[in-house]
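Chain and residue survey
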Amino acid sequence: MSTLRDIRATVREVFRDEVSVSSEKDRLEILEERHQIQLTYFFSKASCDSRETTHVKLRFHPDRAEMWLGALEVASPYRSRGIGREIARAVEVIAQRLGIREINLFPLFRSGPFWQKLGYGEHRGRAARVLSKTVVPARSCSRL
Ligand SMILES: CC(C)(COP(=O)(O)OP(=O)(O)OC[C@H]1O[C@@H](n2cnc3c(N)ncnc32)[C@H](O)[C@@H]1OP(=O)(O)O)[C@@H](O)C(=O)NCCC(=O)NCCS
């Protein structure tokens, strides 16, 4: 079971290492509720102002092996440069590091093809329109 501390450290580290538009000025907002932790990460280098930001919102249920991707938005002048893909891939790395097996999301209007390209598919057994992807948790390797 991951703690808020593990989640925050992993998110910061993975975005810093995996996303080309990450920077020291990025902002992380955390909302901790009884059964979930919601975290929004803002990429300042690819944002215009406070109204148009590049950000991703993640929801963790620390006692469950799943994560919800609440929102992914790339500010309009920065679209179609591979940034959305980089962030979505980084989210998978975060999931793997935290031992989360499944990432779910409700696709926004017209974003379905983007998610399909990244390997997300209809989640059987869930309410309509949930897309999901199973990720294999990273193994921790011992030193040689
Ligand atoms: C969807 C969104 C996050 C994509 O971000 P992006 O940085 O423009 O996407 P990328 O440049 O990384 O594109 C990755 C691939 O997906 C494709 N793609 C991107 N948006 C697409 C769309 N709406 N429909 C179909 N394909 C799309 C790209 O062509 C690219 O494919 P390629 O590698 O074969 O050329 C961005 O358009 C956005 O913020 N949209 C508004 C909010 C939204 O819909 N968010 C999804 C929330 S669930």
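The structure this text deals with has already been given above.
First, a word on what this report is: a plain description of the structure on this page. (Residues numbered from 1 in each chain as written. Predicted model: local features only at pLDDT ≥ 70, side-chain atom pairs only at ≥ 80, totals over all residues.)

**A word on the overall build of the chain**
Broken down by element type, the chain carries 3 helices and 7 strands. In sequence order, the secondary structure elements of the chain are arranged as α-β-β-β-β-α-β-α-β-β. Here the chain has a C-alpha radius of gyration of 15 Å; the compact-globule value for 144 residues is 15 Å, and the two agree. Projected onto the principal axes, the alpha-carbon positions of the chain cover approximately 40 × 35 × 35 Å. Taken over 144 residues, the chain has a buried fraction of 26%. A sequence separation of at least 24 residues applies to 54% of the contacts in the chain between residues at least 6 apart. (Helix = DSSP H or I, 4+ residues; strand = E, 2+ residues; numbered from the N terminus. Rg over C-alpha atoms; globule rule 2.2 N^0.38 Å. Buried ≥ 20, exposed ≤ 12 C-beta atoms within 10 Å, placed from the backbone. Contact = placed C-beta atoms within 7 Å.)

**Points about the site of the ligand**
Inspection of the region around the ligand gives 19 residues, with Arg79, Gly84, Arg85, Ser111 and Pro113 positioned closest. Among the secondary structure elements, those contributing two or more residues to the shell around the ligand are strand E4 (66-73), helix H2 (83-97) and helix H3 (112-117). When grouped by side-chain class, the residues that make up the shell around the ligand number 9 nonpolar, 4 polar and 6 charged. (Near = placed C-beta within 6 Å. Nonpolar A, V, L, I, M, F, W, Y, C, P; charged D, E, K, R; others polar.)

**Some words on the nonpolar core**
In terms of nonpolar packing, the biggest core is built from 30 residues, with Ile87 and Val91 touching the most fellow members. Of all the elements in the fold, those that place two or more residues in this core are helix H1 (4-18), strand E2 (37-43), strand E3 (54-60), E4, H2 and strand E5 (102-105). Looking at which element gives the most residues to this core, the answer is H2, with 7 residues. Dropping the residues within four chain positions of it, Val91 is found in contact with Val56, Leu58, Leu69 and Ile103. (Core = buried A, V, L, I, M, F, W, Y, C linked by C-beta atoms within 7 Å.)

**Brief notes about the environment of Asp26**
Position of Asp26 relative to the elements: it lies in the loop between H1 and strand E1 (27-32). Here Asp26 falls in the buried class, since 20 other C-beta atoms lie within 10 Å of it. For the pair Asp26 and Ala95, spaced 69 residues apart in sequence, the C-alpha separation works out to 20 Å. When residues no more than four places from it in sequence are discounted, the contact partners of Asp26 are Tyr41, Phe42, Phe43 and Ser44.

**Regarding the packing of H1 against H2**
Look at H1 against H2: their axes get within 9 Å of each other, and the N-to-C directions meet at 140°. Relative to H2, H1 is oriented oblique. Pair H1 / H2 crosses with right-handed handedness. Of the residues in H2, those in contact with Thr10, Val11, Val14, Phe15 and Glu18 of H1 are Glu86, Arg89, Ala90, Val93, Ile94 and Arg97. By residue class, the composition of the contact of H1 with H2 is 6 nonpolar, 1 polar and 4 charged. (Axes fitted to C-alpha atoms, helices over the stretch in contact; angles between N-to-C directions. Parallel < 35°, antiparallel > 145°, perpendicular 65-115°, else oblique. Left-handed = near helix turned anticlockwise from the far one by under 90°.)

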